[in-house]
Structures are given as structure tokens and as C-alpha cells.
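# Secondary and tertiary structure notes
The residues making up each chain are set out below.
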Amino acid sequence: MDLAATEQAVPTTPRRLVWRRLRRDRLAIVSGVCLILLIALVWIGPPVLERVLGHGPNDPFPYAVNENLRPAGFWARVPDLHTTSATLEFGAPPPPGTKTTLLPLGGDGQLGRDELQRLLVGGRVSLEVAVGATLLSILLGLLAGGVAGYFGGLIDSLISRVADLVMALPLLLLLILVGATLGPRLYGITLGALQPGVFSLVVVIGLFTWFYPARIVRAEVAALKEREFVESARMVGAGNWRILRRHLFPHVLPVLLAYSTFLVATNILVEAGVTFLGVGIKLPTASWGNLLSTAWGTSRTPMPYDPARNTIWLTVFPTLAILLATVSWTMLGEGLRRALEPSR
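Below is a short write-up of the structure. (Residues numbered from 1 in each chain as written. Predicted model: local features only at pLDDT ≥ 70, side-chain atom pairs only at ≥ 80, totals over all residues. Heavy atoms only, no water.)

In this model helix H5 (residues 153-168) runs 22 Å from its N-terminal to its C-terminal C-alpha over 16 residues, within 8% of the 22 Å that 1.5 Å per residue would give. For H5, the set of buried residues is Asp156, Ile159, Ser160, Ala163 and Val166. For H5, the angular spread of buried residues about the axis comes to 125°, placing them on one side. Relative to its buried face, H5 has exposed residues pointing more than 90 degrees away, namely Gly153, Leu154, Leu158, Arg161, Leu165 and Ala168. Those residues of H5 that are buried are in contact with helix H4 (115-151) and helix H9 (211-224). (Helix = DSSP H or I, 4+ residues; strand = E, 2+ residues; numbered from the N terminus. Expected span 1.5 Å × (residues − 1). Buried < 20%, exposed > 50% of the residue type's maximum accessible area, 1.4 Å probe, protein only. Arc of directions from axis to C-beta. Contact = heavy atoms within 4.5 Å.)

The following block contains the structure:
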């Protein structure tokens with residue numbers, strides 16, 4: 001028997017079919033590789049850089065700004081001092097014999113912190129918010145949509161009307177309102193691993209983005225609940241929750257997997273938006289959103305661009321990072337959707 005006949009004789013599982021279709025989508029594969037590299041950089045890069053450079057992302061360097069408070073540029077070596085000497089006037093040279101440290105991408109603003117380290121740490125914080133809020137909204141949407149689609153009737157009407165009501169409200173204004181009232185109570189919760197503010201944003205964003213996955217799950221469950229395999233499960237005595245958990249939810253998860261990548265991309269932009277509006281991640285914790293607000297201020301305290309005090313790179317770097325992350329998540333999600341649902 002030749003090799004081709006042997007390959008045809010091997011049964012093809014659904015996972016192999018999905019992987020085979022996904023491999024043909026070069027854009028999705030490139031996007032996945034970019035995401036793997038990005039995630040590795042934002043998680044592994046900060047501790048490595050801190051050990052190599054000898055300073056952290058929140059360490060200020062007063063000598064990394066000039067007399068107009070314009071930060072230093074690329075590959076700048078600045079005195080390794082976190083405060084100016086009390087006996088020296090502002091702008092005076094550092095004490096003799098002071099060691100220097102390297103800022104690869106220069107300073108981040110008026111405090112002269114390391115822009116590269118804050119960019120990587122900010123990426124980790126933004127991705128934690130986006131992925132965490134996505135997981136919460138997918139979980140809530142799976143439960144709410146599954147219950148609405150399976151049981152129907154009054155339960156379906158109630159959940160659907162609540163979803164319609166939340167969808168009708170402007171998301172950013174709702175997030176600002178809830179973030180300003182509920183956010184401060186949750187801001188200090190870190191669960192031993194998160195930065196301050198991450199958990200509160202995950203909860204706030206997740207609570208108001210569950211209705212999209214809920215509508216997807218409801219439509220899928222409503223179409224599947226009358227199929228033969230569900231009737232067979234009822235005939236052998238399976239309960240409603242067992243049917244949902246063991247027979248219906250596994251059919252919905254592939255669709256949610258593809259949708260979740262789009263939701264991660266959306267939540268990255270939402271985090272940047274609410275932080276720019278003043279209710280997101282607070283300084284000194286870095287995120288891609290407050291890196292932009294450091295350069296331009298917030299909606300409450302805008303800072304017009306001044307070439308004597310600002311540099312365009314403080315806007316370019318976080319903007320490119322947000323663009324790369326959102327486009328990669330979106331293209332990966334589009335590839336997954338085509339691989340999971342080729343007929344559509």
C-alpha cells in the first residue's frame with residue numbers, strides 16, 4: 001500500500017480538519033505567530049530588561065529630561081539617579097562619579113522613566129484586562145444564552161430584553177459611570193498576581209460585554225435543542241443541565257472561540273479608551289491606554305502637543321502596539337471562523 005493510500009485510510013478528526021484549513025490561511029498563521037511573539041515579549045521582556053539594565057519601569061530619572069521637561073531620545077545614557085540632589089539647582093550636572101543607565105527608547109515623559117519597559121509592562125496589563133474581560137463575558141454569555149435558548153418562554157424573553165436594554169446604552173458612557181462608582185472599590189484587588197486596577201476593569205468591561213456572546217449562544221442552542229442527539233439524551237433520562245453541559249455547550253464552544261478573538265481586540269481598544277477618559281488604569285501602573293494619556297492628557301485634563309516638551313514617539317510606540325495587537329487578534333479570529341465554519 002503506497003503512502004497516499006495510507007494517508008487516506010487514516011480517519012480525519014474534526015480537529016485535524018480545522019487545523020488543515022487553518023494552515024492554508026497564511027494571514028491567520030502570521031497573525032498567530034505575531035501574537036505569540038508579542039505575548040512572550042510583554043511577559044518575559046520586563047523582568048529580563050530590569051535585570052540587564054538595573055532599573056524598573058516605574059523608576060524616575062530626573063536627568064532624562066531637559067530644562068523644558070522634554071524626555072531623552074533613543075538609546076540615551078542618563079545618570080542613574082532617581083532624585084536630584086538637594087544642594088543642586090534644577091538643570092545642574094549630577095555629582096561627579098555618578099554611574100549611568102541606558103534608556104533604549106528614551107524617557108516616557110516628564111518623569112523620565114524607561115519608555116521600553118513601560119511599553120512592555122503596559123502591554124501585559126492591557127492584555128490581562130482584554131483577555132480577562134473576554135473570559136468573563138464569554139462565561140456570562142454562555143450561561144445566559146444557553147439558558148435562554150434551551151428553556152425559551154418567559155426566561156428567554158427576560159434575558160433577551162435585558163440584553164437588548166444593555167446593548168441600547170452607549171458602552172463607553174456606561175463604563176465611565178460604573179467605573180467611577182464601582183471601580184474604586186475593586187481597584188486594590190490584585191489576587192496576588194495582577195496589577196492594581198486590572199481586576200476592576202475586567203469586572204466592569206465583562207459585565208457590559210456579555211450580551212453579544214449571549215445572543216450567539218442563544219441562537220445556536222435554540223437551533224440545536226430539537227436535534228436527534230438531544231432527543232436521544234432526553235430518552236435515556238439526561239436532565240436539562242446535563243444536556244446543556246455535555247451535549248449543547250460543546251457544539252457552541254467553537255463558535256465562541258472564534259468570536260472571543262474579536263472580543264479581545266475590542267477590549268484592548270476599550271481599555272485604552274476608558275483609561276484615556278480617566279477611569280481606567282491609574283499611574284504609576286503602565287498600560288497602553290495611560291501611555292497615551294501621559295502624552296496627551298485625559299478628557300478632563302487635555303495636554304496640547306508642544307514640540308518643546310513632547311516627542312512624537314510617546315504616541316507612536318503605544319499606538320503601533322495597539323494596532324499590532326488588535327489586527328493580529330482580528331485576523332486570527334477571521335481565520336478561525338473560516339476554519340471552523342467553512343460553509344459560511
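From this point, things continue past the structure.
The nonpolar side chains of a soluble globular protein tend to be buried with one another. In this structure, Leu119, Ile268, Trp288, Ile322 and Trp329 are the most contacted members of the largest nonpolar core, which totals 29 residues. Of all the elements in the fold, those that place two or more residues in this core are helix H3 (26-53), H4, helix H11 (240-276), helix H12 (288-296) and helix H13 (313-340). Of all the elements, H13 adds the most residues to this core, at eight residues. Every residue in contact with Ile322, bar those within four places of it in the chain, is listed here: Ile268, Leu269, Ala272, Trp288 and Leu292. Core analysis: the next-biggest nonpolar cluster, separate from the first, contains 25 residues, Val129, Ala163, Leu174 and Val204 among them. (Core = buried A, V, L, I, M, F, W, Y, C linked by side-chain atoms within 4.5 Å.)

Below, the discussion takes up the pattern of salt bridges. According to the stated counting rule, one finds nine salt bridges in the structure shown. A salt bridge links Arg234 to Glu231; its shortest N-O distance comes to 2.9 Å. With Arg234 and Glu231 both in helix H10 (residues 228-235) and three residues apart, the pair spans about one turn of that helix. Residue class for Glu231 comes out partly exposed when judged on its relative accessible area of 32%. (Salt bridge = Lys/Arg side-chain N within 4 Å of Asp/Glu carboxyl O.)

A few words on the side chain of Ser328. Mapped onto the fold, Ser328 is located in helix H13. Contacts of Ser328, omitting those with residues within four sequence positions, involve Ser31, Cys34 and Leu35.

The next thing to look at is unusual backbone geometry. Here the amide bond leading from Leu283 into Pro284 is cis, since omega sits at 10°, within 30 degrees of zero. Summarising the element assignment, Pro284 is placed in the loop between H11 and H12. With phi around 65°, Leu69 is a residue other than glycine that occupies positive phi space. With respect to the helices and strands, the residue Leu69 is situated in the loop between H3 and strand S1 (76-79). By relative accessible area, Leu69 is classed as partly exposed at 23%. Not every positive phi belongs to a glycine, and Leu191 is a case in point at roughly 55°. Its location among the elements puts Leu191 in the loop between helix H7 (183-186) and helix H8 (198-207).

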